[in-house]
Amino acid sequence: MKIVKVIGKKRNHKVFMYAISTCAWCKRTKQLLKDNNVEFEYVDVDLCSDEDQEKIEREITKRGGRLSYPTLIVDDKTLITGYHPEKMTEAIGL
Amino acid sequence: MTTLEAVRRRAESNAKDRGYILNPDPEFLADLIEGLKTNEDRYGYPSCPCRLASGIFDLDRDIICPCDYRDPDVEEYGCCYCALFIRKDVVEEKKPIEPIPERRPQEKIALAHTPASQRVEKPVEIVPALTAIPLKTKLKMWYCRQCGYVCFREEPPYICPICKAKREMFEEIRATIYLGA
């Protein structure tokens, strides 16, 4: 699975994102994190192998999430589905 | 390979058909058009840029743009899932365009995440040939893989009269109809 790390100055939260490479909402979410200098990692699910996609499905559903992208996992506990700046602000402190 | 201009024109035509407006944010719209083009080049059909496609036409049929969920979503939320199509009043009154909940059933989405080897394929239905009619002209039956339009012709149409899909989107249904004089 190709995990991309985006370097940022804000590292007080562990931010991981499942995204679709063609998705405009995902792109907007990545940009918001970058604009706020947040360090994060992401995976473009559509570019993963079948096996990795299945693992991702299990990972998201195990956490009670819906299979919708972008999906953010903050500090391994808070799940945010969709582009929601206010929820991101609350969880990450943008 | 299709072009961004062709994808944009088709989206404009699809919006016009239902009285919708394309996303008024030029940058966001450009991203969506590019995503649709990427998917069309990748899968052979323009599946929703914001959803995971399986690459199997029959599994992705409901998320080919304009997707099956567009109209109920636009009606209820003012925009479709990826926010390509926007209800007129939302644009005119400058209401915020925000992400909406996924209407596609989770089981269908889960299937797109399932490796091909583990998917249960549905048996292909074969349409019986109508051999009782006297033989004279041999025609083939074609269906548009994008919208389901069916026609009887020797060759598929150059463009689907319903959804404007290209000739490549037509597939032959393996049944031969014989028409009498």
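Here the structure is a predicted model, which means the values were calculated and not measured.

Asks: How should I be thinking about the overall build of chain B in this particular structure?
Replies: Looking only at helices and strands, one finds six helices and five strands in chain B. Starting at the N terminus, the α and β elements of chain B follow one another as α-β-α-α-α-β-α-α-β-β-β. When each of the 181 residues of chain B is scored for burial, the buried share is 30%. Contacts in chain B between residues at least 24 apart in sequence constitute 51% of all its contacts with a sequence separation of at least 6.

Asks: What exactly am I supposed to notice about the overall build of chain A here?
Replies: What chain A contains, in helices and strands, is three helices and five strands. For chain A, the sequential pattern of α-helices and β-strands runs β-β-α-β-α-β-β-α. Its C-alpha atoms give chain A a radius of gyration of 12 Å, near enough to 12 Å, the size a compact globule of 94 residues would have. Seen through its C-alpha atoms, chain A measures out along the principal axes to roughly 35 × 25 × 20 Å. Here chain A, with 94 residues, has 37% of them falling under the buried criterion. The long-range share in chain A, meaning contacts at least 24 apart out of those at least 6 apart in sequence, stands at 64%.

Asks: Quick question: what am I supposed to make of the domain arrangement of chain B here?
Replies: All names here are of chain B. Taken domain by domain, chain B comprises domain 1 (4-118) and domain 2 (137-179). If you average the C-alpha positions of domain 1 and of domain 2, the two centres end up 25 Å apart. Counting from both sides, the interface comprises five residues of domain 1 and, opposite them, four residues of domain 2. Of the residues in the side of domain 1 that touches domain 2, the class split is three nonpolar, one polar and one charged.

Asks: When you look at helix α1 (residues 4-18) of chain B in this model, what are you seeing that I'm missing?
Replies: Since the α-helix turns once every 3.6 residues, residues separated by three or four places project in the same direction. All names here are of chain B. A rise of 1.5 Å per residue sets the reference length of α1, with its 15 residues, at 21 Å; its end C-alpha atoms lie 22 Å apart and thus fit the reference within 8%. What α1 keeps buried is the set V7, R10, A11 and A15. Projected down its long axis, α1 shows its buried positions confined to an angular sector of 135°, all on one face. Along α1, exposed side chains directed more than 90 degrees from the buried face belong to E5, S13, K16 and D17. On its buried face, α1 is in contact with β1 (21-22), α2 (26-43) and β2 (85-86). Residue G19 follows α1 closely and has a positive phi angle near 75°.

Asks: Is there a simple way to explain the interface of chain A and chain B in this structure?
Replies: The figure often quoted for interface size is the accessible area lost as the parts come together. Every contact between the two is made by 20 residues of chain A and, on the other side, 19 residues of chain B. Looking at the side of chain A that touches chain B, the elements that each hand over two or more residues are α1 (24-35) and α2 (50-62) of chain A. Examining the composition of the side of chain A that touches chain B, we find that six residues originate from one element, α2 of chain A, more than from any other. By residue class, the composition of the side of chain A that touches chain B is nine nonpolar, four polar and seven charged.

Asks: Help me understand the environment of Q106 of chain B, please; the structure alone is not making it clear to me.
Replies: With respect to the element layout, Q106 of chain B can be found in helix α6 (residues 106-112). Taking the C-beta count within 10 Å as the criterion, Q106 of chain B has 13 such neighbours and is therefore assigned partly exposed. Separated by 83 residues in the primary sequence, Q106 of chain B and N23 of chain B have C-alpha atoms spaced 26 Å apart. In contact with Q106 of chain B, not counting residues within four places along its chain, are R66 and L67 of chain A.

Asks: Whenever I open this one, the nonpolar core confuses me. Can you help?
Replies: Side chains that are nonpolar tend, in soluble globular proteins, to be buried together. Judged by nonpolar contacts, the single largest core of 58 residues is most densely connected at A19 of chain A together with C50, C82, L84 and F85 of chain B. Three or more residues apiece are contributed to this core by two domains, here domain 1 (4-118) and domain 2 (137-179) of chain B. Not counting residues up to four positions away in its chain, the partners in contact with C50 of chain B are I20, C23, A24, W25 and Y69 of chain A together with Y81 and C82 of chain B.

Asks: Would you take a moment to explain the packing of α1 of chain B against α2 of chain B for this structure?
Replies: Between two packed helices, both the angle of their axes relative to each other and the distance between the axes serve to describe the pair. All names here are of chain B. Relative to each other, α1 and α2 sit at 110°, their axes nearing to 9 Å. Between α1 and α2, the angle falls in the class roughly perpendicular. Note that α1 runs across α2; the crossing there is right-handed. Each of L4, V7, R8 and A11 in α1 lies in contact with α2, whose residues at this interface are I33, E34, L36, K37 and E40. Here the contact of α1 with α2 is composed, by residue class, of five nonpolar, no polar and four charged.

What counts, and at which threshold
- Residues numbered from 1 in each chain as written.
- Chains lettered and ligands numbered in written order.
- Predicted model: local features only at pLDDT ≥ 70, side-chain atom pairs only at ≥ 80, totals over all residues.
- Helix = DSSP H or I, 4+ residues; strand = E, 2+ residues; numbered from the N terminus.
- Buried ≥ 20, exposed ≤ 12 C-beta atoms within 10 Å, placed from the backbone.
- Contact = placed C-beta atoms within 7 Å.
- Rg over C-alpha atoms; globule rule 2.2 N^0.38 Å.
- Domains from an automatic or database assignment.
- Nonpolar A, V, L, I, M, F, W, Y, C, P; charged D, E, K, R; others polar.
- Expected span 1.5 Å × (residues − 1).
- Arc of directions from axis to C-beta.
- Core = buried A, V, L, I, M, F, W, Y, C linked by C-beta atoms within 7 Å.
- Axes fitted to C-alpha atoms, helices over the stretch in contact; angles between N-to-C directions.
- Parallel < 35°, antiparallel > 145°, perpendicular 65-115°, else oblique.
- Left-handed = near helix turned anticlockwise from the far one by under 90°.

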